[in-house]
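Fold and contact review
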Amino acid sequence: MSIWSNLGLVYALLGAAVAVFLAGAGSAIGVGIAGQAAAGVVTEDPSKFAKVLIMQLLPGTQGIYGLLVGFITLSKVGLLGGGAAALDPQTGLLILAACMPIGIVGLISGKYQGMTSAASIGIVAKKPDQFGKAMLFPAMVETYAILALLISILAVNAVQI
Amino acid sequence: MAVLQMQRISICALKKDRKAILEKIQSMGVIEMNQIAEEEEGFERMDTQGPRQSFEKQAQAVEQALSVLDVYAPQKSSMFASLEGKKLVDRKKFNEVADGKGELISKVNQLVSLNKEIAENKANILKLENQIESLRPWLALDVPMNYKGTAKVSMLLGTMPGETTLESVYELVAKREPEIDAIDVNIINSDKDAAYLSVFCLREEETRVEDALRSGGFARPSQMTGKVPSVKKENLEAKIKELNNEIEKIEGEIKGYASAREDLKIIGDYFRMRADKYEVLGTLPQSQRTFVISGYAAAKAVPAVQKAIGESFDCVIDVEELKEEEEPPVILENNGFSASVEGVLGSYGLPHKGEFDPTTIMSFFYVFFFGMMLSDAAYGAIIAIACFVILKKFPRMEAGLAKSMKMFMYCGVSTMVWGILFGGYFGNVVDIVSEVFFGKAVTVPALWFIPLNDPMRLLVYSLAFGVVHLFVGLGIKGYMELKDGKVMDFFCDVVLWFAFLIGLILMLLPTDIFASIAQTQIVFPPFLNMTAKALAIIGAVGLLLMSGRDSKNPVLRIALGAYDIYNITGWLSDVLSYSRLLALGLATGVIASVVNQMGSMFGKGIVGVIGFVLVFVVGHTLNLAINLLGAYVHTNRLQFVEFFGKFYEGGGKPFEPFKSDTKYVDIKEETLS
């Protein structure tokens, strides 16, 4: 039996890792970008802290979606709570593929949502009463992360072990 | 669920009553000023710039005085101070304070000037400290710095560059002036920037020695004192102490004014109100003996104005319906439940003239979707209880904030209901705790089903709720068109779309694709299949022919119709957008489970329990916060983008009455019950 036929679980774990680290990195970039803008606003007007903090948090959700898929994957292959299932490589790769959407979309949408958040923080700085509208622009970007999350969840769930 | 009917109310009265009438209107706060811009002969506008600015300046001075008080006599305020709202002060007390404004203004001036004194003293201290700093290297010198020397010998004080040593100084002088040997150099102090020297030499050779030293970078100190440096330093320190004492004394004096804080707040508001009044006064057209006020008021508030003004003053009050071209400000009126989401509507835009107020319908969907996205019974209970307690504890909370609190309270209740339906209590805490600590897994059964075990089912429901939401939106559009008498538009834009969409949905339901998603095969009787096809075809053909009905060119008309049918992709993406109901709901539950799992890793026993509680509290707080934010943002999005996109434009102007626009206190009126 060659080593290749034993890699099923590795592929599955790689899938969980991809989901968590790509989406998490996207969120980290996004929250970072938005945080810089938020810090700038707070130096001028500390009373806007709560509002800009919310704005900064908006790109943080991709990381959570990644975590979500990662967790579902781990529990699916039985790595949580012991007794990992013996996976053949094909199933492992299926799970890896299922984790891809949230990983990749999370990375890219996280970054761009961060940039949009930074711009929206600009709105809050100049027109604090337009907070509701400003919040919508980053939420638009997030839609695609949600769609990716959905497909990842459904796909991971659909893989038969 | 309505936009209040507005009327224009105009009051013509005697000039001698103008201030009293304006004050009355201001205290009632139900009229938005909108003067009729008529430039009629005999009517003039008064220039009130001067008094207005002086009131504004006084209000500003009071603000300044209050901020001084806040610095030196800070008031203890709780974390929730911003929830408390303005204090209620009755009219009598307000007038009393306003009568004593002369005294209060002198207090304000006193506070401001005391603050200035402190600032000056602090600046002086800084200066003295700088002096001490420059004396520091010379402290070892035990003669005054400007000591000239004796009759024969003179002393030179000065600095040389950092690396200077005794040898290098002697060397320098010996090189430049080889014949001078009566010279004594002492290094008093040295640091990395400079060496501080005192040099003694014969008086007649002083200039030559100094020149020699200068060539090596010697410079006399910039500040010379007639005292021994250490004595001087003591003097300066004594002065600083004195100034500090003075500051302390002034601070004490400022603290003595702390009792006037409440009165100062009232008087600040008084000045603000007066400034507002003069601003309005400046816009009123006035003749020799009369003046005219005109503005918008809600129809139901008009009788109260007529009563309050008409009965106490000689005046004519004219109430008229709005003209066609007028765009009145908007006041919404809703029942207690629906009014709580008015803020959400306001942040999108109030309905424009003649538009339907969607608040009531939106409020139900809002609470419904919010609960579904958060869907955890425990989280819901926490939110609902927290909001309820805050609402009860701070009854004078600012109105907008109170509405939001109420909204979150209802959303919390909805979250709780969904949590019970989906079996989520802090995620799966019951299972984990019972299994880890009691050794036997207990599961609280979900009333409906557990989404994680059957996500496709919830997806189908989510999309179905979305379809209902969107159809209601389209229905409202139809209602508005019928109300405006646009029957043709109603038929083409709404009925045809309904036929087309319902036909398509009915065609989709029995297919294999849907069966694979919903995991049940739906079989329709043949006639229903026929009807579905017929509906879809009628809808599609109708749209193709009718959508471009404004265009005379038949080719363009068909092209526009085809383009409108293409909008079906928009509908598809709108419906799919509701999948976030599932995704966000799952996110809450799964992260909560992750937190519980992490907490349970400490095992049994005391350490286990402590570890679990720690992880539990921190983890769930974070999860609640981030998912609350998510649910709020995405519920708003579903309303704003998907729902409002179907029918709502907004763009109405909010009602901004001329009222007592205070910052610190609300005045309780005795006349108005």
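Calculation notes
- Residues numbered from 1 in each chain as written.
- Chains lettered and ligands numbered in written order.
- Predicted model: local features only at pLDDT ≥ 70, side-chain atom pairs only at ≥ 80, totals over all residues.
- Helix = DSSP H or I, 4+ residues; strand = E, 2+ residues; numbered from the N terminus.
- Rg over C-alpha atoms; globule rule 2.2 N^0.38 Å.
- Buried ≥ 20, exposed ≤ 12 C-beta atoms within 10 Å, placed from the backbone.
- Contact = placed C-beta atoms within 7 Å.
- Core = buried A, V, L, I, M, F, W, Y, C linked by C-beta atoms within 7 Å.
- Nonpolar A, V, L, I, M, F, W, Y, C, P; charged D, E, K, R; others polar.
- Pairing = 2+ DSSP bridges.
- Axes fitted to C-alpha atoms, helices over the stretch in contact; angles between N-to-C directions.
- Domains from an automatic or database assignment.
- pLDDT = per-residue confidence, 0-100.
- Arc of directions from axis to C-beta.
- Expected span 1.5 Å × (residues − 1).
- Parallel < 35°, antiparallel > 145°, perpendicular 65-115°, else oblique.

In this section: the overall build of chain B. From N to C terminus, chain B includes 24 helices and 13 strands. Its C-alpha atoms give chain B a radius of gyration of 40 Å, clearly above 26 Å, the size a compact globule of 673 residues would have. Taken along its principal axes, the extent of the C-alpha atoms in chain B is 130 × 85 × 65 Å. Buried positions account for 32% of the 673 residues belonging to chain B. Excluding contacts between residues fewer than 6 apart, the proportion of contacts in chain B whose partners are at least 24 apart in sequence is 81%.

A few words now on the overall build of chain A. Per the secondary structure count, chain A includes 5 helices and 0 strands. In chain A, the succession of helices and strands from N to C terminus is α-α-α-α-α. Principal-axis analysis of the C-alpha atoms gives chain A an extent of 65 × 25 × 25 Å. Taking all 161 residues of chain A together, 55% fall into the buried category. Contacts in chain A between residues at least 24 apart in sequence constitute 86% of all its contacts with a sequence separation of at least 6.

Ranked by internal contacts, the top residues of the largest apolar core, which has 157 residues, are Leu-68, Val-69, Cys-99 and Leu-149 of chain A. Not counting residues within four places of it along the chain, the set of residues in contact with Cys-99 of chain A comprises Gly-15, Ala-16, Val-18, Ala-19, Val-69, Thr-73, Ser-152 and Val-156 of chain A. Judged by nonpolar contacts, the second largest core, of 17 residues, contains Leu-141, Met-145, Val-185 and Val-199 of chain B.

Interface size is commonly expressed as the accessible surface area that is lost when the partners come together. Contacts between chain B and chain A engage 23 residues on the former and 26 residues on the latter. When residues of the side of chain B that touches chain A are traced back to their parent elements, those giving at least two are helix H12 (342-348), helix H17 (455-483), helix H23 (579-600) and helix H24 (605-647) of chain B. Residue contributions to the side of chain B that touches chain A peak at 10 residues, all from H23 of chain B. Of the residues that constitute the side of chain B that touches chain A, the class distribution is 14 nonpolar, 7 polar and 2 charged.

This paragraph deals with the sheet that holds strand S8 (residues 194-202) of chain B. Residue and element names in this part refer to chain B. On the basis of which strands lie adjacent, the open sheet formed by 3 strands has the order S6-S8-S7 and antiparallel pairing. Where the open sheet ends on each side, the last strands, each with one partner, are strand S6 (153-161) and strand S7 (183-190). Ignoring strand direction, the axes of neighbouring strands in this sheet form an average angle of 20°. Bridge count between S6 and S8: 9 bridges; the pairing is antiparallel.

The next subject is the domain arrangement of chain B. Along its sequence, chain B is carved into domain 1 (1-46 + 282-329) and domain 2 (146-220). Spacing between the C-alpha centres of domain 1 of chain B and domain 2 of chain B amounts to 88 Å.

If pLDDT is low for a region, its predicted coordinates should not be looked at in detail. For chain B, the average pLDDT comes to 87, and 99% of its residues sit at 70 or higher. Prediction confidence for the complex, expressed as pTM and ipTM, is 0.82 and 0.81 respectively.

Time to look at helix H7 (residues 206-215) of chain B. Residues and elements named next belong to chain B. All of the buried residues in H7 are Val-209, Ala-212 and Leu-213. With its buried residues spanning 95° around the axis, H7 presents them on a single face. For H7, exposure combined with an orientation more than 90 degrees from the buried face picks out Thr-207, Asp-211 and Ser-215. Here the buried face of H7 lies against S6, helix H6 (166-176), S7 and S8.

A word on helix H2 (residues 49-72) of chain B. Residues and elements named next belong to chain B. Between its first and last C-alpha atoms H2 spans 35 Å; for 24 residues at 1.5 Å apiece the expected length is 34 Å, and the two agree. Every buried residue of H2 is listed here: Phe-55, Gln-58, Ala-59, Val-62, Ala-65, Leu-66 and Leu-69. Check the buried side of H2 and you find it contacts helix H5 (101-135), helix H8 (229-256) and helix H9 (261-281).

The two faces of a sheet get side chains in turn, since along a regular strand they alternate between them. Residue and element names in this part refer to chain B. As paired strands, S7 and S8 are joined by 7 bridges and run antiparallel to one another. Counted as the bridge partner of Ile-187 is Leu-197 from S8. Taking the residues that link successive antiparallel strands as the turn, the S7-S8 hairpin has 3 residues.

Okay, unusual backbone geometry next. All names here are of chain B. Located in the positive-phi region is Ser-375, a residue other than glycine, with phi close to 35°. The topology assignment puts Ser-375 in the loop between helix H13 (359-374) and helix H14 (377-393). Despite not being glycine, Phe-426 shows a phi value in the positive range, around 50°. Take Phe-426: there are 24 C-beta atoms within 10 Å of it, and that puts it in the buried class.

In this section: the packing of helix H1 (residues 8-44) of chain A against helix H3 (residues 61-76) of chain A. Residues and elements named next belong to chain A. In contact at an axis separation of 7 Å, H1 and H3 are set at 170° when each is read in the N-to-C sense. Considering their axes alone, H1 and H3 lie roughly antiparallel with respect to each other. In this structure, H1 contributes Ala-12, Gly-15, Ala-16, Ala-19, Val-20, Leu-22, Ala-23, Gly-24, Gly-26, Ser-27 and Ala-28 to the contact, and H3 contributes Gln-62, Gly-63, Tyr-65, Gly-66, Leu-67, Val-69, Gly-70, Thr-73 and Leu-74. Here the contact of H1 with H3 is built from residues that sort into 11 nonpolar, 9 polar and no charged.

Residues and elements named next belong to chain B. If you trace the backbone, Tyr-479 turns up in helix H17. Residue classification places Tyr-479 among the partly exposed residues on the basis of 14 C-beta atoms within 10 Å. The spatial distance from the C-alpha of Tyr-479 to the C-alpha of Lys-255 is 65 Å, given a sequence separation of 224 residues.

Looking now at the packing of H3 of chain A against helix H5 (residues 131-158) of chain A. Residue and element names in this part refer to chain A. Contact geometry of H3 with H5 gives a least axis separation of 10 Å together with a crossing angle of 0°. Taken together, H3 and H5 sit at an angle that is classed as roughly parallel. Together, Thr-61, Gln-62, Tyr-65, Leu-68, Val-69, Ile-72, Thr-73 and Lys-76 of H3 and Glu-142, Ala-145, Leu-149, Ser-152, Ile-153 and Val-156 of H5 make up the contact between the two elements. Here the residues of the contact of H3 with H5 sort into 8 nonpolar, 4 polar and 2 charged.

Residue and element names in this part refer to chain B. Mapped onto the elements of the fold, Lys-87 is located in strand S5 (residues 87-90). Overall, Lys-87 belongs to the partly exposed group, with 13 C-beta atoms counted inside 10 Å. Taking the C-alpha atoms as reference, Lys-87 lies 65 Å from Thr-531; in sequence the two are 444 residues apart. Beyond its immediate sequence surroundings of up to four residues, Lys-87 is in contact with Tyr-664 and Val-665.

To continue, consider the environment of Ala-97 of chain A. Residues and elements named next belong to chain A. Among the structural elements, Ala-97 can be located in helix H4 (residues 89-126). The partly exposed category is assigned to Ala-97, around which 16 C-beta atoms lie within 10 Å. Each C-alpha atom of the pair Ala-97 and Gly-15 lies 7.1 Å from the other, and the pair is 82 residues apart in sequence.

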